[in-house]
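Examining the three-dimensional arrangement
Each chain is listed here by its residues.
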Number of protein chains: 2
Amino acid sequence: MPASQHQSPKSDIEIAQAAKPRRIADVAKERLGIAIDNLEPYGHYKAKVSMEYIKSLANKPNGKLILVTAINPTPAGEGKTTTTVGLTDALNHIGKKAMCALREPSLGPCFGVKGGAAGGGYAQVIPMEDINLHFTGDFHAITSAHNLLSALIDNHIYWGNSLGIDTRRVAWRRVLDMNDRALREIVCSLGGVANGYPREAGFDITVASEVMAIFCLAKDLEDLKTRLGNIIVGYTRERKPVRAKELNAHGAMAALLKDAIAPNMVQTLEGTPAFIHGGPFANIAHGCNSVSATATALKLADYVVTEAGFGADLGAEKFIDIKCRKAGLKPDCVVIVATIRALKMHGGVKKEDLKKEDLKALEAGMSNLQRHIENLKKFGLPAVVSINRFSADTDNEIKLVKEKCKALGVEALMADHWAMGGEGAADVAKAVVKTIDEGKANLKFLYPDEMPLFEKIRTICKEIYRADDATADKSVKDQLKTWEEMGFGKLPVCIAKTQYSFSTNPDAKGAPTGFNIPVREVRLSAGAEFIVAVCGEIMTMPGLPKTPSADTIDVGADGRIVGLF
Amino acid sequence: MPASQHQSPKSDIEIAQAAKPRRIADVAKERLGIAIDNLEPYGHYKAKVSMEYIKSLANKPNGKLILVTAINPTPAGEGKTTTTVGLTDALNHIGKKAMCALREPSLGPCFGVKGGAAGGGYAQVIPMEDINLHFTGDFHAITSAHNLLSALIDNHIYWGNSLGIDTRRVAWRRVLDMNDRALREIVCSLGGVANGYPREAGFDITVASEVMAIFCLAKDLEDLKTRLGNIIVGYTRERKPVRAKELNAHGAMAALLKDAIAPNMVQTLEGTPAFIHGGPFANIAHGCNSVSATATALKLADYVVTEAGFGADLGAEKFIDIKCRKAGLKPDCVVIVATIRALKMHGGVKKEDLKKEDLKALEAGMSNLQRHIENLKKFGLPAVVSINRFSADTDNEIKLVKEKCKALGVEALMADHWAMGGEGAADVAKAVVKTIDEGKANLKFLYPDEMPLFEKIRTICKEIYRADDATADKSVKDQLKTWEEMGFGKLPVCIAKTQYSFSTNPDAKGAPTGFNIPVREVRLSAGAEFIVAVCGEIMTMPGLPKTPSADTIDVGADGRIVGLF
């Protein structure tokens, strides 16, 4: 019996720091055949793959695409990134050529409560401190590009406002990659004539920037620039949109992003190559790593494992209806991650009681997993369930989960990559390969481009969340109609709601029914090319807790970081 | 006759992009004997030198240190960085082993009016686009570390303020590396209970951050952490200072800076290794590259050329009385950069009339150069004058400058590295080597550590600026006394005043007399370990012009940047 996730004597950072990584140039050369001339190294263990080299791969066939998603998250933890990394190592362990494509973690939350976002235990990507801190500077570049546009807007107004931007209708905020609640709502440009026109403004965290979403959806530098130019920065008094290109901002913004758009390669603890690139919010944006990383990985490996944000209701739906639709990607298999602990929480067990066997609660909580399985069938995608093993899991509980999944025609397997690395997820890997070999994937989008915008929202709410209906005030529906008249009717929709429930009530665990989804507000991301429907309170600038993790993070004289998690 | 600086058919970026640089690992190996294992590459043309390797150099003898400074800047341009680069190439050209240590340019001003800060013509460091944009991410790391402290302060207040910080006396602002006048003065924490206590706040540009000054003065990671902990973030109602270490911020801040503190190596167009590291403001801070870069360069090369900000009145004085004093550095020779154009402007000629010979104005303007020469003698340092050649310079004008300098015992030489590279500054290089060989340098600081703070300010004003006196309100003098009682009396002082004149009147060119220097405000940089005396209006967050250079900056589909300058 392998060690449980709560009995390991080593922390994630200790395991990562104990690893003896290989030079990334050697990993890229030996595992993927990429010569050093096609890499831009960042230290010896991180590298960007050059865009020129990526272009040269265009005619190579694609590998198989595996999406890792999950049940609705609970405080018990599910381990989606850990599974993505572990499954990739497992595929290599069983003799396949596999790599993964992950999101870059945000810097700000590292100093709050959040652990690292580079996997855990023996299923991690390294160097984990670098990945969690500045990495290759992509998010800093996105912050700079975003705030350059912000500065250009206020500068334009300051110097006479020839575009007639209504200072009450500036839609473009500023961003920082820092959890700083004091910046959520500010009044800027105080201090007199030399500093401009006072107006209400505010900051979001960088991952919430539309530049981040654009960065992750752009096919190449030209597409990036076009999308940046299309950003709507605000409106005139006549409600006419003003775009970034009218400020000539898109060229300089793209110049700031020219290095960042190349995907970053690192390795797992087992020396498997991994892309980590881009990381948009999974609520007001689509929550997946960059199209360029996923598409490039498909050219380089036979199996590519990637993940989507939050649970499958939000993450997988957006992965398919936004990212796959726009980038022409077609997943071959979906892996749904769950833990018995988390399923019991969905069945009503409190966190402190999770170690006790509770088959009744588990059966109740299975309703959450079951609904996600059913939903993925609507997309025409076959699924495998991967249960992250914890030491308190009982044989009866495991049996129950397997049987319930089998009844839905889906295989559920136990995975212990956390304690064992790739070997621990070999069963999942074999099931995934078998599923892909059966060739059952037949991707269907949930709605056609032509469907009216509110109908798209309604379709997601009814088909995926199982709401009775989507509701909205007339003003919201009028806004959507206006956008349709402006030519934005064919965009996909991106729903921003709580990740903790199918409904908008985070406490409604399991598989709730008998609710509506109220659309409070809609936003247009004209550069990223989707409509955001905000359902409930969405926080785009987190705060720090009373005792933030910054309190214990430190670095020794030898440059070794401690306390990162 | 070489091409003039205004007849070259190529822009700086075109010259830089046409260069065929060598791999930085090859440059480091062949020119300095540094193995690739001791480098952290950032792409193939930039690298950090590892701190471990730097420690291993401790017992090596130091090379000779050459400081490049200048007359008071004018709109005609002087070319200090160009001379630093050109002289370094010239020293290599005449057979010496030389490298330079420069400041990193700030990102924000690139999108305003400022040209790049990587030299010019055929005396540049490359890759210039990278150096002027994100480079190796040092400034982003400094921005993050600074703003983490800002967030921790407001978070501390939000959660109950057990340290009793007076929210009206928070001294720590926020920073961004962007010219954004709208952020100079803001009210933050609006929007109700969840967002904190509304208070006045604001942003400076990153180069004005005390973290930047600390970063540049710290000897190593431990020293950095100690200094970060000593930052005074605000005061209690009882006027007791609250330090960053009381918020446990310094460890996490240092963790964010652990990679950044290693100096960055690039190369000149002629393949000479160059350090570019750190870049604090030259008004409210000391305006020199990092101590670690300068000290490391002295271990690696026989001649190290470095520069200080603004004219010699501000830059050289701070280089000596702050950086050299604190880091134990001893310059062997000073090079004062001037142009005949600029000297004529100091003599009253308007910019549009600079192409006409005007010996009378030139003689009048020489007063500025003469005073800087005299000043440098007070520091016990021999000087060489380097005149950047322009095509309109006449033989009579050149003769006049040379004679006037000779009368002060200083050799003045024409330099044309801008058009010719290192060969063009060979005469200057020979004069510098000869001067160093004479061994006349005998460094003296302007004031002892023990001198009372206001006397230090007065000494600089009288000895260097030639003011009749320094004046200040009682409140300023009382503040200085309080700091002396708190134990800060031994710190050096850093004067923030206009760089365009010896006086506080930017229009008073040449060598003004009969003025006082009014000290408007004093600030304590307890982490950087100096007292700032603010004399006149000092802008710590620039704005953008009506037509910012962002307007024309662009990047092609091939990733090539255009319009950067």
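Residues numbered from 1 in each chain as written. Chains lettered and ligands numbered in written order. Predicted model: local features only at pLDDT ≥ 70, side-chain atom pairs only at ≥ 80, totals over all residues. Heavy atoms only, no water.

1. Digging into the packing of helix α8 (residues 221–230) of chain A against helix α9 (residues 250–257) of chain A
All names here are of chain A. Direction vectors running N to C along α8 and α9 enclose 135°, while the axes themselves pass 9 Å from each other. The orientation of α8 relative to α9 falls into the category oblique. Between α8 and α9 lies a crossing whose hand is right-handed. For the pair α8 and α9, the contacting residues are L221, L224, K225, L228 and G229 in the first and H250, G251, M253, A254 and L257 in the second. (Axes fitted to C-alpha atoms, helices over the stretch in contact; angles between N-to-C directions. Helix = DSSP H or I, 4+ residues; strand = E, 2+ residues; numbered from the N terminus. Parallel < 35°, antiparallel > 145°, perpendicular 65-115°, else oblique. Left-handed = near helix turned anticlockwise from the far one by under 90°. Contact = heavy atoms within 4.5 Å.)

2. Some details on the pattern of salt bridges
Per the counting criterion, the structure on display carries 67 salt bridges over all chains. Between B:R169 and B:D166 there is a salt bridge, with its nearest N and O atoms 2.6 Å apart. Of the residues examined, B:R169 reaches a relative accessible area of 24% and is grouped as partly exposed. Here B:D166 falls in the buried class, since its relative accessible area comes to 4%. Ionic contacts of the salt-bridge type, sharing partners, join the residues A:D154, A:R174, A:R199 and B:D180 into one network. (Salt bridge = Lys/Arg side-chain N within 4 Å of Asp/Glu carboxyl O. Buried < 20%, exposed > 50% of the residue type's maximum accessible area, 1.4 Å probe, protein only.)

3. Regarding the domain arrangement of chain A
All names here are of chain A. Partitioning chain A into domains gives domain 1 (12–137 + 260–438), domain 2 (138–256) and domain 3 (453–534). Computed from C-alpha atoms alone, the centre-to-centre distance between domain 1 and domain 2 is 33 Å. If you look at the interface, domain 1 gives 28 residues, while domain 2 gives 19 residues. For the pair domain 1 and domain 2, the summed buried area comes to about 2,000 Å², and 66% of that belongs to carbon and sulfur atoms. On the domain 1 side of the interface with domain 2, the three residues burying the most area are G137, I261 and F281, jointly 23% of the side's total. Where domain 1 touches domain 2, the interface holds one salt bridge. Between K48 and D138 there is a salt bridge; the shortest N-O distance is 2.7 Å. Here domain 1 and domain 2 share twelve residue pairs in polar contact (both at pLDDT 80 or more) between them. In terms of residue count, the dominant contributor to the side of domain 1 that touches domain 2 is helix α11 (residues 315–327) (three residues). Split into classes, the residues belonging to the side of domain 1 that touches domain 2 amount to twelve nonpolar, twelve polar and four charged. (Domains from an automatic or database assignment. Buried area = accessible area lost by both parts, 1.4 Å probe. Polar contact = N/O pair within 3.5 Å; in protein donor to acceptor, adjacent residues only side chain to side chain. Nonpolar A, V, L, I, M, F, W, Y, C, P; charged D, E, K, R; others polar.)

4. Describing the interface of chain B and chain A
Taken together, the contact between chain B and chain A spans 69 residues of the former and 69 residues of the latter. A combined buried area of about 6,100 Å² lies between chain B and chain A, and 60% of that area is made up of carbon and sulfur atoms. The interface formed by chain B and chain A contains six salt bridges. Of the charged contacts, one joins A:D180 and B:R174 as a salt bridge, the two residues approaching to 2.8 Å between their closest N and O atoms. Taken together, chain B and chain A are joined by 35 residue pairs in polar contact (both at pLDDT 80 or more).

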